[in-house]
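If you want the building blocks of each chain, they are given just below.
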Amino acid sequence: MTTETVPELFTWSYAQPKIQELLGDFSPTQNRVRLNREERHKDVSIKNLRRSKMLKANQFMLVVRIIDSNILREIPAYLNYLVNSPRIAVFRDVENPNANTTTIEAEFSRGLTYPSWEIPFIKAVDGSLTHGWDFCEVQFDPSKPCHVNVEHVGTDNLVFHKDTVDIQEQEFILRRYFVTAQKLELFVTKYGFSQEQVETVKTRLKESRQTTIKVYKKYCKYDGVVYVSWACPDLCSDWLKAPEPLFLGRTQQAINEFGLPTEQPIPETAYPVFFLPYSETEQLRIVEHVGRVFKDRHKQEAMSANLSQFINSCQNASELYMSLKATTEKSPGSLESIEISSGKIPPIPIEFYHPDFPDPVMLNLAQYLEVMNSQEVGQVNYAVQNRKDTRKTAAELMLAKEESVKLSSTQLIVFSTFLRDIFSFCWMIIQNRASQGKFKFLSLPPSPEALVASELQGQAGGVTNNNEVILRDYDVRAAGDVDVVRRLELIALYEKYWPIVGPTAAGPVFLARLLSLAFGQEGTIYSTIISQGDPANLLAKLSNMVTAILPEIAPQLTPEVLAQVNQLLMETNNYVSARSSGGVGEQSSGDSQPAEQQTIS
């Protein structure tokens, strides 16, 4: 765009007040996020409380960090969903749903599971559990195997209007960064930031003696196309980097003004930012979503107060108090100087006493609050196990476990949608670049024509990918739906019906399938042994048979061969005996017991 055709939306004089207005509108939400973090990681200084006389010298303040505990309890379900699968996404060919997509799923998983790829997702889950929502951003990054990178944004680092329902419907959004002057200088050469504006920021940083400054990446939409720019509205008089179309690596072939083929960037129409709520309700606005801090704040205060009161009451009851049994003519000052110690008789009659110890019902209350909390966060089986009564039954424990699986499965639906949106967006970029041979993806051996062309162009060799497979229309979704959630549901069902099926003829096959589901590749080893039977039984039968016929055929054998047969019989019998004494395998029938070791000469 030339200077004359720059839309008003892209001018600094128009954008700067809009940015400041949005930052002011979002400030209460950022304060709420900050307070949420303080509530979760409650830090109490007992020394300062005693110094300020809010606590006595022998008293304590015990903070039960129930918010943090509940978040840490829920995270493993998400992590299990994310990583406990041999693939991270499932591809379905829209035109041919029965087509085998194993190879493209493996390639996609390889390209997105670069070092530390899980960290942004874990951070986003942690943020949504804490505050109610969080975001991740997909970026174009040629240093990654498939040229895409997923980055965690942070609940308070994506700035939008407080009435926002859908990020994609906003005229513009901001992502906040904290950068140093040195990093800003690097952005001048790496990303084309304005040297003049960067120098202005550096000067003001020195004047204010700050080490970092807040800069904002601004996404906006104009004529349906996403533009990106950089700004520091507090310190700059113009853009750090002026708006330009967002480029995420997607290109298309075109003909330039000279009639030569060239690559043309494909305009992006959606913000590459993805929303992860803690749970979906009838509330529409993003800032109305709440997390564990909102749900558990009062429980945390109640449990902290209850246990602190119990401990302090015990402390008070352990103190020794004294009073005079009778009147005395001694002055108060002289009474205070009397030293009471073991082996000495006090000169005046004294009565010793202490406050009563607290009622143990306070601990029962703490137990009740913990069980109630476990039930509320979906840890039903833990709550049943932790309940202190005699009414627990095996059926109740099993039902509690099944209910826990259902709750976690329901909760993961939102996470599944989040992953599906991200993986589909990543695939859009990967599909475009892989089909143009920008990196290896389902690569094929290069044709002779391609080798000749690469040599003429002075290249080491081109990349030829299987475009017939890559360019098909796929529906991409998270693999955890099939590989994790369904597996957990099946394991729960198998455990439920094992007491019924186990004693029947189908028991070994049923157990083999359960072990395979529960332990994966390792379980397959056990299931194979169960399905095929213990080889020690077959060896015992074979040993008995050879021992029975050996006297008849021994005269026909040479001494060397006969010695080898006797040695093998001895080793076989030792192996069978060791297996039997170790209790491994099924009980052998009478005719399959190992024969007594004997040597035939």
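Residues numbered from 1 in each chain as written. Predicted model: local features only at pLDDT ≥ 70, side-chain atom pairs only at ≥ 80, totals over all residues. Heavy atoms only, no water.

### Points about the overall build of the chain
Moving on, step 1. Regarding its fold elements, the chain presents 18 helices and 16 strands.
Moving on, step 2. Buried residues in the chain amount to 39% of all 601 residues.
Moving on, step 3. When contacts within the chain are restricted to residue pairs at least 6 apart in sequence, those whose partners lie at least 24 apart make up 69%.
Moving on, step 4. Accessible surface for the chain amounts to roughly 34000 Å². Of this, 55% is attributable to carbon and sulfur atoms. (Helix = DSSP H or I, 4+ residues; strand = E, 2+ residues; numbered from the N terminus. Buried < 20%, exposed > 50% of the residue type's maximum accessible area, 1.4 Å probe, protein only. Contact = heavy atoms within 4.5 Å. Areas by Shrake-Rupley, 256 points an atom, 1.4 Å probe, with all protein chains shown as cover.)

### Some thoughts on unusual backbone geometry
Moving on, step 1. With a phi close to 65 degrees, His147 is a non-glycine residue in the positive phi region.
Moving on, step 2. The residue His147 is located in the loop between strand 2 (133-140) and strand 3 (148-152) in this model.
Moving on, step 3. Residue classification places His147 among the buried positions, given a relative accessible area of 10%.
Moving on, step 4. Its identity is not glycine, yet Asp223 carries a phi of approximately 55 degrees, on the positive side.
Moving on, step 5. Assignment of secondary structure puts Asp223 in the loop between strand 6 (213-222) and strand 7 (225-231).

### Examining the packing of aromatic side chains
Moving on, step 1. In the structure shown here, the tally under the stated rule is 30 aromatic pairs.
Moving on, step 2. Ring plane angle 70 degrees and centroid distance 5.2 Å describe the contact between Phe91 and Phe108, whose orientation is recorded as edge-to-face. You can see Phe91 sitting in strand 1 (residues 89-93) and its partner Phe108 sitting in helix 4 (residues 102-112), a full 17 residues away along the chain. By the burial criterion, Phe91 is buried, and Phe108 matches it.
Moving on, step 3. An aromatic cluster of at least three residues, connected via ring pairs, comprises Phe91, Phe108, Trp117, Phe121, Phe423, Trp427, Phe439, Phe441 and Tyr474.
Moving on, step 4. The positively charged end of Arg50 is found above the aromatic ring belonging to Phe60, 4.9 Å away from the centroid.
Moving on, step 5. One residue, Lys221, lies across the ring of Tyr271, its end atom 4.7 Å from the ring centre. (Phe/Tyr/Trp six-rings, centres within 6.5 Å; stacked < 30°, edge-to-face > 60°. Lys NZ or Arg CZ within 6 Å of the ring centre and 35° of its normal.)

### A closer look at the pattern of salt bridges
Moving on, step 1. On inspection of all chains with the given rule, the structure shows 26 salt bridges.
Moving on, step 2. For Arg92, the salt bridge identified is with Asp475, shortest N-O distance 4.0 Å. Of the two residues, Arg92 is situated in strand 1 and Asp475 in strand 16 (residues 474-478); the sequence distance between them amounts to 383 residues. (Salt bridge = Lys/Arg side-chain N within 4 Å of Asp/Glu carboxyl O.)

### Regarding the side chain of Asp93
Moving on, step 1. For Asp93, the position within the fold is in strand 1.
Moving on, step 2. At 3.0 Å, the side chain of Asp93 and the backbone nitrogen of Glu95 are in polar contact.
Moving on, step 3. From its side chain, Asp93 meets the backbone nitrogen of Asn96 in a polar contact 3.2 Å long.
Moving on, step 4. Once residues lying within four places of it in the same chain are set aside, the contact partners of Asp93 are Ala99, Thr101, Arg472, Asp473 and Tyr474. (Polar contact = N/O pair within 3.5 Å; in protein donor to acceptor, adjacent residues only side chain to side chain.)

### Side note on the packing of helix 3 (residues 66-83) against helix 5 (residues 118-131)
Moving on, step 1. Taken N-terminus to C-terminus, the directions of helix 3 and helix 5 make an angle of 145 degrees; their axes are 10 Å apart at the nearest point. Of the two elements, helix 3 crosses helix 5, and the hand of that crossing is right-handed. Where helix 3 abuts helix 5, its residues Ile71, Glu74, Ile75, Tyr78, Leu79, Leu82 and Val83 lie against Glu118, Phe121, Ile122, Val125, Asp126, Leu129 and Thr130. (Axes fitted to C-alpha atoms, helices over the stretch in contact; angles between N-to-C directions. Left-handed = near helix turned anticlockwise from the far one by under 90°.)

### Quick word on the nonpolar core
Moving on, step 1. By size, the foremost hydrophobic cluster in this structure holds 84 residues, and its most contacted members are Phe160, Phe415, Phe418, Ile422, Phe423, Trp427 and Phe441.
Moving on, step 2. No other element matches helix 12 (residues 394-435), which puts 13 residues into this core. (Core = buried A, V, L, I, M, F, W, Y, C linked by side-chain atoms within 4.5 Å.)

### A look at the pairing of strand 7
Moving on, step 1. Taking burial as the measure, the seven residues of strand 7 include seven buried ones, the bulk of the element.
Moving on, step 2. Alternating positions in strand 7 separate into two faces, Val225, Tyr227, Ser229 and Ala231 on one and Val226, Val228 and Trp230 on the other, with burial throughout.
Moving on, step 3. Judged from the seven bridges that link them, strand 6 and strand 7 form a sheet pairing that is antiparallel. Bridge pairing in strand 7 links Tyr216 to Ala231. (Pairing = 2+ DSSP bridges.)

### Side note on the sheet that holds strand 5 (residues 172-179)
Moving on, step 1. Here we have five strands laid out as an open sheet, ordered 4-5-6-7-8, and antiparallel in their pairing. Each edge of the open sheet is held by one strand with a lone partner, namely strand 4 (158-159) and strand 8 (241-245).
Moving on, step 2. Packed onto the sheet, helix 1 (residues 12-40) meets strand 4, strand 5, strand 6 and strand 7 and runs at close to 75 degrees relative to strand 5.

### Some details on the sheet that holds strand 11 (residues 273-277)
Moving on, step 1. The sheet built from three strands is open, its strands ordered 3-2-11 with antiparallel pairing. A strand with exactly one partner marks an edge of an open sheet, and here the two such strands are strand 3 and strand 11. When strand polarity is set aside, the average angle formed by the axes of neighbouring strands in this sheet is 25 degrees.
Moving on, step 2. Strand direction decides the pairing type here: strand 2 and strand 3, joined by five bridges, are antiparallel. Across the sheet, Val138 pairs through a bridge with Val150, a residue of strand 3.

### Quick look at the confidence of the model for the chain
Moving on, step 1. Residues of the chain with pLDDT of at least 70 account for 81%, and the chain-wide mean is 82.
Moving on, step 2. Predicted confidence is poor over residues 403-407, with pLDDT under 50, and the contacts of this stretch with residues over four places away or in other chains come to nine contacts.
Moving on, step 3. Across residues 583-597, confidence stays below pLDDT 50; counting only partners more than four residues off in sequence or on other chains, it has 25 contacts. (pLDDT = per-residue confidence, 0-100.)

### Quick word on helix 3
Moving on, step 1. With 18 residues, helix 3 extends 27 Å between its outermost C-alpha atoms, agreeing within 8% with the 26 Å of an ideal straight helix rising 1.5 Å per residue.
Moving on, step 2. Among the residues making up helix 3, those that are buried are Ile66, Ile67, Asp68, Asn70, Ile71, Glu74, Ile75, Tyr78, Asn80, Tyr81 and Leu82. (Expected span 1.5 Å × (residues − 1).)

### Quick look at the environment of Met61
Moving on, step 1. Note on placement: Met61 falls in the loop between helix 2 (46-51) and helix 3.
Moving on, step 2. For Met61, a relative accessible area of 32% translates into the label partly exposed.
Moving on, step 3. In this structure, the C-alpha to C-alpha distance between Met61 and Ser45, residues 16 residues apart in sequence, is 8.5 Å.
Moving on, step 4. For Met61, the contacting residues outside a window of four places in its chain are Val44, Ile46, Leu49, Leu55, Ser304 and Ser308.

### Describing helix 5
Moving on, step 1. With 14 residues, helix 5 should reach 20 Å at 1.5 Å per residue; the first-to-last C-alpha distance of 20 Å fits that figure.
Moving on, step 2. Among the residues of helix 5, Pro120, Phe121, Ala124, Val125, Gly127, Ser128, Leu129, Thr130 and His131 are the ones counted as buried.
Moving on, step 3. Note on helix 5: the residue one or two positions beyond its end, Gly132, has a positive phi of about 115 degrees.

### Things to note about a nonpolar patch on the surface
Moving on, step 1. A cluster of nonpolar residues, Leu320, Met322, Ile340 and Phe352, forms a patch on the protein surface that exposes about 390 Å² of accessible area.
Moving on, step 2. Assignment of secondary structure puts Met322 in strand 12 (residues 321-324).
Moving on, step 3. On the accessibility criterion, Met322 (45% relative accessible area) is partly exposed. (Patch = residues over 30% accessible without salt bridge, like charges linked within 9 Å, V, L, I, M, F, W, Y side chains within 5 Å.)

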